[in-house]
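Residue strings, one per chain:
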Amino acid sequence: MFIDRSVRLGVGLGGVSVIFAITLILFFLVFVVVPLFKPASIDSAAQFDVPGGSASPTVNYALDEYGEQGIRYLANGQVVFFGLGDGKVVSTESILAPPPATITSFTSGDPASGVVAYGFSNGTALIVRHQYAVTYEGAKRVVTPSLSYPLGKEPLVVDEAGGSLKALAAQEDESGTTIAAAGEGGRLVIAHFGREESMLGDEAAIVRVGSSIRPSGKKVTHMLLTKAQDVLYAVDNEGGITQYDVREKEQTSEITRVVPAPDSRQPLAVDFLAGTSSLVVGIPGGTLSQWFPVRDEQGRHELRHIRNLGDVAGNAVVALAPEFYRKSVAIVAANKIDIYHATANRHVAELKIDGSTLTRATFNSRGTHLLVEDAANKVHVVKVDNPHPEVSWKALWSKVWYEHYPEPAYIWQSSSAVDDFEPKFSLVPLSFGTLKAAFYAMLLAVPLSILGAIYTGYFMSPKLRQSVKPAIEVMEALPTVILGFLAGLWLAPYMEEHLPGVFSLLILLPIGGLIFAYVWSVLPDRVRLAVPDGWQPVLLIPLVLLLSWASLGLSPQMEAIFFDGNMALWMRQEFGITFDQRNALVVGIAMGVAVVPPIFSIAEDAIFSVPKHLTIGSLALGATPWQTFTRVVILTASPGIFSAVMIGFGRAVGETMIVLMATGNTPVMDLNIFQGMRTLSANIAVEMPESAINSTHYRVLFLAALVLFLFTFALNTLAEVVRQRLRRKYSSL
């Protein structure tokens, strides 16, 4: 009794400990994931008069990445450097127009580059770049802003006709600087400036290449040029946006014109999202929408409306402030600031500032500070805590129309080589890949293991069973990394070379087994009875080896005769079925081998443990062995068999190494058995080491782990409920 109570206490304590450990894991996953769904916060931090006075209006602001220093560009060419804490002016500079010209336009390029441009009345423009030098005085950080002139302090000739530049757009990269301008009479001018190195080692000369576009009759209010300097957007006073192809600077052509706000009497608020692939458009009526080019049937990339992000309660959108590296944008309308994230299609945060109407806003590069100016010449510094705007229910589980994609899709692509990349965190392809891998594994493992368990536990000779069952259970100890290694480096290329043989083997083995069984049944009794009862499976071993050798050995000949020498290429040409070397078929075979032992062992134990008095009683009443098995044994053992299948399925869902090594790890959604996939567990194993701690990527990976945890928990709970019902139903047999 003491031993019995001690064992019962120990087992109970062990069970509680396991439950406690699993609960701790669940709480830890939830703890890491919850910040993804916390709302952003936005709060006013400081307020002061516009630095440099209000004699001339502001045309642009720029902030350093730490939110300590600011730069104010004025319409008269003055540049004011000031501190964000109190608005105190640090220093000033002036951008002077060449006499007798005057400043007529201003533009800013990609905010990450710090490039701005002033346009003058004589058809010239000056490129300026703001930059920040960071030094340390002891432990104190000192940020010093300054201006530089990438193409020199002399203005560049943009419009050779000498007309006034009414509107301006400019971008700079390693290939050079492109300036687009609206000249006199609405004529558009494109000018590209590059440096040409001298053979004698003298200072590089600046070379101009350009073209002009005939006026459309519409007044251009402002223009935007992509960072790649290949597409120009001209916004006119009729609420339209005209798209131009400017890849060839000597010859510019119009692509299309869209009208987001027809018959509008107020100008559109238009700006690029990070990366300059998308336009965000504020309609005067208060609607905010996203547009980007999509390839049409003729191969042209035409600007198309993608989604509405929200509205601002009927107020006219006055200004837009996109973040530098994320697809978030701040909307200024009346006395309110709203922040939206385009990809997630969600409203992130809002802040009302009492007083005058707001007129413009600017983010710093980290997206932590937002500077806002109002009509009363006051500047408001706003702190923004918005760590995970990319995450929403729609972004995780619905189709999303991403930039450069022809249509909405489920995409997982968490990183890229560029800073302004649009993260794609859809968990759908990963969940699909998990179920796909488990399905093909179970498709192989369940019939083999269950039927093998049935024969071993009920029909096989006891002596033979003593050898077969331990041999299969030993397979469970084989590390899955070894199976994945063999599947990826040996099985996958071997199957590609012998694809016809593999499929013929899948057909010939069942047919050959049935034919052998029939022949065996019609043999004379003296031949059949010579083999002890329960030892007949041993006779199948030579048959299996012979059919395998014949199928795989004749595979090259079958491929040459029936498939023009290449079955993979033949399937693609005839049926459009693509073939990857590491695919779901390879994973199904390798993972099936890993899943067979646990299913077989548990199911065989359940069948073998059926009380003998039930089978003996059934046989004594006149039932045949097969009738006894189907009407007594299998029903009594059904709870154990069901548990075996569920345990095997859970093993397949959570398998990592085999999937990691035997597939292409491509997160695609395709039922094709010859395509690869990426599972939740494999994705976590691949990407967790490279994710920054507490980043959105890091937390989404933990969310994937939580999804996997909850899925297996729900599956096992359902399995236990079904098992208990089966047990109660057939316990009276």
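Look above for the structure.
Residues numbered from 1 in each chain as written. Predicted model: local features only at pLDDT ≥ 70, side-chain atom pairs only at ≥ 80, totals over all residues. Heavy atoms only, no water.

K.L.:
I'm lost on the overall build of the chain in this one. Help?
P.N.:
Counting secondary structure elements, the chain contains 16 helices and 31 strands. Relative to its length of 733 residues, the chain is extended, with a C-alpha radius of gyration of 36 Å against a globular reference of 27 Å. Projected onto its principal axes, the C-alpha coordinates of the chain cover approximately 120 × 70 × 55 Å. Burial statistics for the chain: of 733 residues in total, 48% are counted as buried. A separation of at least 24 residues holds for 57% of the contacts in the chain among residues at least 6 apart in sequence. Counting only carbon and sulfur atoms, one obtains 60% of the accessible surface of the chain, whose full area is about 35600 Å². (Helix = DSSP H or I, 4+ residues; strand = E, 2+ residues; numbered from the N terminus. Rg over C-alpha atoms; globule rule 2.2 N^0.38 Å. Buried < 20%, exposed > 50% of the residue type's maximum accessible area, 1.4 Å probe, protein only. Contact = heavy atoms within 4.5 Å. Areas by Shrake-Rupley, 256 points an atom, 1.4 Å probe, with all protein chains shown as cover.)

K.L.:
For this particular structure, what's the right way to read the side chain of H130?
P.N.:
Locating H130 in the fold gives a position in strand β8 (residues 124–137). Taking relative accessible area as the criterion, H130 reaches 11% and is therefore assigned buried. If near-sequence neighbours (up to four positions away) are discounted, H130 is found in contact with A62, I71, Y73, G114, V116, S146 and L147.

K.L.:
Sorry if this is basic, but what is going on with the nonpolar core here?
P.N.:
Proteins that are soluble and globular tend to have nonpolar side chains buried together. Within the largest apolar cluster, 78 residues are counted, with the highest numbers of intra-cluster contacts made by L427, M591 and I607. Examining the composition of this core, we find that 14 residues originate from one element, helix α11 (residues 584–608), more than from any other. Setting aside its immediate chain neighbours within four residues, M591 contacts A437, A441, A652, E655, I658 and V659. I42, A319, V332 and V384 belong to the second largest nonpolar core, which has 19 residues in total. (Core = buried A, V, L, I, M, F, W, Y, C linked by side-chain atoms within 4.5 Å.)

K.L.:
Explain the sheet that holds strand β17 (residues 241–245) here, please?
P.N.:
The strand order across the open sheet built from four strands is β15-β16-β17-β18, with neighbouring strands paired in antiparallel fashion. In this open sheet, the two strands that pair with only one neighbour each are β15 (220–225) and β18 (253–258). Averaged over all pairs of adjacent strands, the angle between strand axes in this sheet comes to 20 degrees, irrespective of strand direction. By the bridge criterion, five bridges tie β17 to β18 in an arrangement that is antiparallel. When the bridges of β18 are listed, D245 appears paired with S253. (Pairing = 2+ DSSP bridges. Axes fitted to C-alpha atoms, helices over the stretch in contact; angles between N-to-C directions.)

K.L.:
What exactly am I supposed to notice about the environment of V481 here?
P.N.:
Mapping V481 onto the fold places it in helix α5 (residues 480–497). Look at V481 and you get partly exposed, because its relative accessible area is 36%. Apart from residues lying up to four places away in sequence, V481 is in contact with M657 and M661.

K.L.:
What exactly am I supposed to notice about the pairing of strand β23 (residues 319–322) here?
P.N.:
Each regular strand displays side chains that alternate between the two surfaces of the sheet. The two faces of β23 match: A319 and A321 on one face and L320 and P322 on the other face are all buried. In textbook terms, the turn of a hairpin is the stretch between consecutive antiparallel strands, and for β23 and strand β24 (residues 328–333) this stretch comprises five residues.

K.L.:
Looking at this model, I keep getting lost on the packing of aromatic side chains. Mind explaining?
P.N.:
Each aromatic ring pair is summarised here by two numbers: the centre-to-centre distance and the angle between the ring planes. What the rule picks out here adds up to 25 aromatic pairs. Where Y61 meets F82, the ring centres are 6.3 Å apart and the plane angle is 85 degrees; that geometry is what we call edge-to-face. One end of the pair, Y61, is in strand β2 (residues 58–63); the other, F82, is in strand β4 (residues 78–83), with 21 residues separating them in the sequence. Using a relative accessible area of 3% as the deciding quantity, one classes Y61 as buried. On the basis of relative accessibility, which here comes to 0%, the residue F82 falls in the buried class. Judged by centre distance (4.9 Å) and plane angle (70 degrees), the ring pair of F106 and Y118 falls under edge-to-face. (Phe/Tyr/Trp six-rings, centres within 6.5 Å; stacked < 30°, edge-to-face > 60°.)

K.L.:
Help me understand the sheet that holds strand β25 (residues 336–341), please; the structure alone is not making it clear to me.
P.N.:
Strand pairing within a sheet occurs via backbone hydrogen bonds; the two strands may be parallel or antiparallel. Strand order in the open sheet formed by four strands is β23-β24-β25-β26, with antiparallel pairing between adjacent strands. Every interior strand has two partners, whereas the edge strands, β23 and β26 (346–352), have only one. In this sheet, adjacent strand axes meet at a mean angle of 20 degrees when their direction is disregarded. Here six bridges tie β25 to β26, and the two strands are oriented antiparallel to one another. Bridge pairing in β26 places I337 opposite L351.

K.L.:
When you look at the pattern of salt bridges in this model, what are you seeing that I'm missing?
P.N.:
Close approach of charged atoms allows side chains with opposite charge to pair. Enumeration over the complete set of coordinates arrives at 24 salt bridges. In this structure, K336 and D338 form a salt bridge, with 3.6 Å as the shortest nitrogen-oxygen distance. By relative accessible area, D338 is classed as buried at 2%. With a shortest N-O distance of 2.5 Å, R465 and E604 are connected by a salt bridge. With a gap of 139 residues between them, R465 in helix α4 (residues 462–475) and E604 in helix α11 connect regions that are remote in the sequence. Taken individually, R465 and E604 each receive the classification buried, so the pair is uniform in this respect. Overlapping salt bridges bring together R465, K469, E473, E604 and D605 as one network. (Salt bridge = Lys/Arg side-chain N within 4 Å of Asp/Glu carboxyl O.)

K.L.:
It is not clear to me how the pairing of β15 should be interpreted in this structure. Could you clarify?
P.N.:
Inspection of the sheet shows β15 paired to strand β16 (residues 231–236) by five bridges, in the antiparallel sense. From the neighbouring strand, L224 faces β16, where its bridge partner is Y233. What sits between β15 and β16 in their antiparallel hairpin is a turn of five residues, with Q229 showing a positive phi close to 60 degrees.

K.L.:
In this structure, what is going on with helix α12 (residues 612–620)? I would like to understand it.
P.N.:
Since the α-helix packs 3.6 residues into each turn, any two residues three or four apart lie on the same face. Within α12, the full set of buried residues consists of L614, T615 and S618. Across the axial projection of α12, the buried residues extend over an arc of 95 degrees, all falling on one side. Turned more than 90 degrees from where α12 packs its buried face, H613, I616 and A620 sit exposed. The inward-facing, buried residues of α12 contact α3 (428–459) and α13 (625–654). Where α12 ends, the next residue or the one after it, G622, has phi of about 105 degrees, a positive value. (Arc of directions from axis to C-beta.)

K.L.:
Looking at this structure, I do not really get unusual backbone geometry. What am I missing?
P.N.:
A negative phi holds for most residues other than glycine; trans holds for most peptide bonds. The omega torsion of the bond from P99 to P100 falls at 0 degrees, within 30 degrees of zero and hence cis. Of note, P100 is situated in the loop between β5 (89–94) and β6 (103–108). Despite not being glycine, A334 shows a phi value in the positive range, around 55 degrees. Relative to the helices and strands, A334 is located in the loop between β24 and β25. Here the phi dihedral of N377 falls at roughly 60 degrees; this positive angle occurs in a residue that is not glycine.

K.L.:
What am I meant to see in the side chain of D236 here?
P.N.:
Looking at the element boundaries, D236 is found in strand β16. Within the structure, the side chain of D236 is placed 2.9 Å from the backbone nitrogen of E238, a separation counted as a polar contact. Reaching out from D236, the side chain makes a polar contact with the backbone nitrogen of G239 at a distance of 3.4 Å. (Polar contact = N/O pair within 3.5 Å; in protein donor to acceptor, adjacent residues only side chain to side chain.)

K.L.:
I keep staring at a nonpolar patch on the surface and nothing clicks. Help me out?
P.N.:
A surface patch of nonpolar side chains, about 700 Å² in accessible area, is lined by L506, I507, I511, I515, Y518, V519 and V522. Considering the arrangement of structural elements, one finds I511 in helix α6 (residues 499–522). (Patch = residues over 30% accessible without salt bridge, like charges linked within 9 Å, V, L, I, M, F, W, Y side chains within 5 Å.)

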